[in-house]
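So the chains spell out like this:
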Amino acid sequence: MTIEVQLDQLTNKKSIVAIFIDGRPIHWTAYIQEEDAGDGKIWRNIIYPSFLKRVITKYTDLEDVTDANIQRGVELLKKVMNREDVDKVIQVDALLETIASNMINQNYLS
């Protein structure tokens, strides 16, 4: 199984990443929602889907993936993917979490 990551846009306000699993794309988009917190302060909330949950939903019978049953979902993934491929999926999920963190901390130049 091949997993490729294509970084289409990385900014402090919006990021778009295409992940291809055996050539089939899963698009991940994150964006910042800013709200006035009063006293001249701005709250920055980030909105993005969990890549790992999306992969579990797509490749297993587990439909309602939550934080409580995500480990079960990973075990089910291991039945349809080999361990190395599951590790790749988890690594991509960690990369996307890092991108989200960089956005919320405004680590990108634009």
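Our structure is the block above this text.
Residues numbered from 1 in each chain as written. Predicted model: local features only at pLDDT ≥ 70, side-chain atom pairs only at ≥ 80, totals over all residues. Heavy atoms only, no water.

## Description of the sheet that holds strand β2 (residues 14-21)
The strands making up a sheet are joined through hydrogen bonds of the backbone, oriented either antiparallel or parallel. Pairing within the open sheet is antiparallel, and its four strands lie in the order β1-β2-β3-β4. Only two strands of the sheet have a single partner each, and these edge strands are β1 (3-10) and β4 (41-47). Each adjacent strand pair in this sheet contributes to an overall mean axis angle of 20°, direction not counted. With eight bridges joining them, β2 and strand β3 (residues 24-38) adopt antiparallel strand pairing. Directly across from Ile16, in β3, lies its bridge partner Thr29. Packing against the sheet, helix α1 (residues 51-59) makes contact with β2 and β3, and its axis sits at approximately 140° to β3. With respect to the sheet, helix α3 (residues 83-104) is in contact with β1, β2, β3 and β4, its orientation differing from that of β1 by roughly 10°. (Pairing = 2+ DSSP bridges. Helix = DSSP H or I, 4+ residues; strand = E, 2+ residues; numbered from the N terminus. Axes fitted to C-alpha atoms, helices over the stretch in contact; angles between N-to-C directions. Contact = heavy atoms within 4.5 Å.)

## Thoughts on helix α2 (residues 70-80)
Buried within α2 we find Gly73, Val74 and Leu77. The arc that holds the buried residues of α2, viewed along the axis, is 100°, so those residues lie on one side. Opposite the buried face of α2, at more than 90 degrees from it, the exposed residues are Arg72 and Lys79. Buried-residue contacts for α2 involve α1 and α3. (Buried < 20%, exposed > 50% of the residue type's maximum accessible area, 1.4 Å probe, protein only. Arc of directions from axis to C-beta.)

## Considerations on the pairing of β2
In this sheet, β2 lies alongside β1 in antiparallel orientation, the contact comprising seven bridges. Residue pairing for β2: Leu7 is matched across the bridge by Val17. Between the end of β1 and the start of β2, which pair antiparallel, lie three residues. Where β2 folds back onto β3 in an antiparallel hairpin, the turn is made up of two residues, including Asp22, whose phi is positive at roughly 50°.

## Observations regarding the pattern of salt bridges
The tally for this structure, following the rule as stated, stands at six salt bridges. A salt bridge links Lys13 to Glu34; the nearest nitrogen and oxygen atoms lie 3.4 Å apart. Residue Lys13 is located in the loop between β1 and β2, and its partner Glu34 is located in strand β3; the two are separated by 21 residues in the primary sequence. With its nearest N and O atoms 3.4 Å apart, the salt bridge here joins Glu75 to Lys78. One end of the pair, Glu75, and the other, Lys78, are both in helix α2, three residues apart, so they sit about a helical turn from each other. For Lys78, a relative accessible area of 32% puts it in the partly exposed group. Each of Lys13, Glu34 and Arg44 takes part in salt bridges that share partners, so that together they form one network. (Salt bridge = Lys/Arg side-chain N within 4 Å of Asp/Glu carboxyl O.)

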